[in-house]
Amino acid sequence: MVPDEILVGGRWRRGSGDVLETRDPATGDVLARLHAAGPDDVDEAVRAGARAAADPAWRDLLPHERARYLTRVADLLAERAEDIAALQTADTGKSIHETRALAASAQGTFRYVAAALETMEGALTPPRGPYVTVSTHEPIGVVGAITPWNSPIASDAQKAAPALAAGNAVVLKPAEWTPLVSLAFGRLAEDAGLPPGLLSVLPGPGPVTGDAIVRHPGVGKVSFTGGTATGRAIGAAAARKIMPVSLELGGKSPTIVFPDADREQALAGLLFGAFSSSGQSCVAGSRAFVHASVYDEVLDELVARAARLRVGPGADPSTQVAPMVAHAHRDRVAAMVEAARAGGARVRCGGRAPEGAQYERGAYYLPTILDGVPNSAPVCQEEIFGPVLVALPFEDEDDLVAQANDTVYGLACGIWTADYRRAWRVARRVQAGTVWVNTYKRFSISTPFGGVKDSGLGREKGRDGILGYTRQKSVYWGMDEEPLPWAGA
Ligand code: NAD
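Residues numbered from 1 in each chain as written. Predicted model: local features only at pLDDT ≥ 70, side-chain atom pairs only at ≥ 80, totals over all residues. Heavy atoms only, no water.

### So, the domain arrangement of the chain
What the domain assignment reports for the chain is domain 1 (6-249 + 451-475) and domain 2 (254-437). Taking only C-alpha atoms into account, the centre of domain 1 sits 31 Å from that of domain 2. Across the boundary between the two partners, domain 1 contributes 25 residues, which contact 31 residues of domain 2. Around 2,100 Å² of area is buried between domain 1 and domain 2 when both sides are counted, 57% of it from carbon and sulfur atoms. Seen at the junction of domain 1 and domain 2, the total is one salt bridge. Ionic pairing is found between Arg361 and Asp29, a salt bridge with its closest N-O pair at 2.4 Å. Here domain 1 is connected to domain 2 by 14 residue pairs in polar contact (both at pLDDT 80 or more). Of all the elements, helix 5 (residues 96-118) adds the most residues to the side of domain 1 that touches domain 2, at three residues. (Domains from an automatic or database assignment. Contact = heavy atoms within 4.5 Å. Buried area = accessible area lost by both parts, 1.4 Å probe. Salt bridge = Lys/Arg side-chain N within 4 Å of Asp/Glu carboxyl O. Polar contact = N/O pair within 3.5 Å; in protein donor to acceptor, adjacent residues only side chain to side chain. Helix = DSSP H or I, 4+ residues; strand = E, 2+ residues; numbered from the N terminus.)

Take a look at the structure:
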């Protein structure tokens, strides 16, 4: 049984907020009931974080010394990878293949960030007078990290590792539906010897706990991943505090198939892009643009293969499409598909929950392919965040680019073609933070990630990821032999 404890400023104790219930979406069974963090807990965590970050025991560590803490976290993530993967499968419903990959990615993040920290450099800027100028980066103090429910351990690591590396304390708020992995991560960081107070884990409702973190005067930056509406509200609150934010938001990403594409690869890419994680992925390739000359044959084959995907519980290693995170979310996705159907969309496959006793209690939904609606239809414009792909034909490159960019989002794009010149042209014209050419949903911690337009602000990952959690300071060292002009005035 999971203890009713959250991590507040170095102490494990009951939260002061309302009770949160988290369920296994494969069965609907309650996994844990926990008291959420209330605003008083947020205040305590932020104050403790500020003290821990200012303590010389952390503040004065040299980069290579701080890197050792990150490496120890990585070692424990490796040791406990299987437990973390199983816990994440239970709490989010995701397939065990995917949660193992996410646990490995969290470990890789800590190792990469530790290495990047050891090799970071300040700058000696060219002098334009009798002085030496040094540009340094300092910690912000306390960073709020607010994460969504789809990939907790990976998104927690993506924020906590660079924020800690930069010398900050972190107040981490996982999503209401999936608090367990982040709490396990809190225990792991403690066991790795991270000084108390540097990491708090505060599950709770966004508008209560999350809002208290964003508005707290002691929080100097918020790093947020989640929906665009929430990101907009957080950005507005941050503007009032003149506080930096990074926002990783939603998407409606196009995947594009040209007639010369390797058909087998493109089909696999479309299926994996749209239906892995049951489509609950910010970069899901949820709009498939297929050249009109091959549209019918590609669609027929895609539909046949989507209908053969193995739907089942995440813990079964043969499962390809696992349940959705919660019954309420599944019902929301189903309602969006119904609205599309009522609006004239053709349901080529799926469009309902699977039938059979083994699916009755879980939050399942079949891989669904729709077409027959223009790109302006709501189902082509709104993020569904479920296993739903809308297919659209295109005539030529200009038509394609116009349709692909006709969305408020700009997170990702996939291009399938054998013509590298065309891939380069289209990659440059599509408005997206990440473009995959002849591959999809590949991620590397060394490559910056983020969105354009309503998909976000700022970049995570890469060597510069750590700098996002710092404040830049310039120091002038006077070298004048002569006094300044007003001397002796
Ligand atoms: P969400 O915006 O509802 O919630 C995300 C987090 O914000 C949760 O922890 C939630 O409790 C918190 N929150 C909600 N309201 C808040 C408020 N007023 N103040 C502070 N915090 C608040 O998103 P979700 O449903 O958990 O996740 C799905 C969304 O996340 C999708 O839109 C998806 O595209 C996006 N996402 C983006 C990325 C990316 O890197 N771009 C990655 C994963 C998910």
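### Here's the deal with the UniProt feature "domain: Aldehyde dehydrogenase" (unreviewed entry) in the chain
Under the present numbering, the feature "domain: Aldehyde dehydrogenase" (unreviewed entry) in UniProt falls on residues 12-475. Structurally, residues 12-475 comprises 41% helix and 19% strand, and the distance from its first C-alpha atom to its last is 41 Å. (UniProt positions renumbered as here; feature names shortened; annotations may be inferred.)

### Brief notes about the UniProt feature "active site" (unreviewed entry) in the chain
When the UniProt feature table is mapped onto this chain numbering, "active site" (unreviewed entry) sits at Glu248. Within the secondary structure, Glu248 sits in strand 11 (residues 245-248). Those residues in contact with Glu248 that sit more than four places away from it in its chain are Phe224, Thr225, Gly226, Phe449, Gly450, Gly451, Ser455, Gly458, Arg459 and Glu460.

### Some remarks on the pattern of salt bridges
For the structure shown, the criterion picks out 30 salt bridges. Between Asp60 and Arg59 there is a salt bridge whose closest N-O contact spans 3.0 Å. In this structure, Glu297 engages Arg263 in a salt bridge whose closest nitrogen and oxygen atoms are separated by 3.1 Å. Taken together, the residues Glu297 in helix 11 (residues 295-308) and Arg263 in helix 10 (residues 263-275) connect sequence positions 34 residues apart. On the basis of relative accessibility, which here comes to 46%, the residue Glu297 falls in the partly exposed class. Assessed through its relative accessible area of 29%, Arg263 is described here as partly exposed. Among the charged side chains, a salt-bridge network with shared partners connects Arg11, Arg13, Asp41 and Glu44. (Buried < 20%, exposed > 50% of the residue type's maximum accessible area, 1.4 Å probe, protein only.)

### With respect to the site of the ligand
Neighbouring residues of the ligand: 27 residues in total, closest Thr147, Glu176, Thr230, Leu249 and Glu383. Between Lys173 and the ligand, the recorded distance is 2.8 Å, taken from a side-chain N or O atom to an oxygen atom. Within the contact set of the ligand, a nitrogen atom lies 2.7 Å away from a backbone nitrogen or oxygen of Leu249. Coverage of the ligand by the protein amounts to 85% of the 850 Å² it exposes when considered alone. For the shell around the ligand, the elements supplying multiple residues, two or more each, are helix 8 (206-215), strand 10 (221-225) and helix 9 (228-241). Per element, the largest residue contribution to the shell around the ligand is four residues, and it comes from helix 8. (Near = heavy atom within 4 Å. Areas by Shrake-Rupley, 256 points an atom, 1.4 Å probe, with all protein chains shown as cover.)

### So, the packing of aromatic side chains
Per the counting criterion, the structure on display carries 10 aromatic pairs. Where Tyr359 meets Tyr364, the ring centres are 5.0 Å apart and the plane angle is 75°; that geometry is what we call edge-to-face. Assessed through its relative accessible area of 15%, Tyr359 is described here as buried. The structure contains a cluster of three or more aromatic residues connected by ring pairs, namely Trp436, Tyr440, Phe443 and Phe449. (Phe/Tyr/Trp six-rings, centres within 6.5 Å; stacked < 30°, edge-to-face > 60°.)

### Side note on helix 10
The end-to-end C-alpha distance of helix 10, which contains 13 residues, comes to 18 Å, matching closely the 18 Å that a straight helix rising 1.5 Å per residue would cover. All of the buried residues along helix 10 are Ala266, Leu267, Gly269, Leu270, Leu271, Gly273, Ala274 and Phe275. For helix 10, the N-terminal cap is Asp262; the gap from its side-chain oxygen to the backbone nitrogen of Glu264 is 3.1 Å. (Expected span 1.5 Å × (residues − 1).)

### A few points about the sheet that holds strand 5 (residues 123-125)
Here three strands make up an open sheet; going across it, the order is 5-6-20 and the pairing antiparallel. Among the strands making up the open sheet, the edge pair consists of strand 5 and strand 20 (470-478). When the angles between neighbouring strand axes are averaged without regard to direction, this sheet yields 30°. (Pairing = 2+ DSSP bridges. Axes fitted to C-alpha atoms, helices over the stretch in contact; angles between N-to-C directions.)

### Regarding the packing of helix 14 (residues 397-405) against helix 15 (residues 420-429)
At a minimum axis separation of 10 Å, helix 14 and helix 15 run at an interaxial angle of 35°. Regarding helix 14 and helix 15, the two cross each other, and that crossing is right-handed. Counted together, Glu397, Asp398, Leu400, Val401 and Asn405 of helix 14 and Arg422, Arg425, Val426 and Arg429 of helix 15 form the full contact between these two elements. Among the residues making up the contact of helix 14 with helix 15, the classes are represented as three nonpolar, one polar and five charged. (Left-handed = near helix turned anticlockwise from the far one by under 90°. Nonpolar A, V, L, I, M, F, W, Y, C, P; charged D, E, K, R; others polar.)

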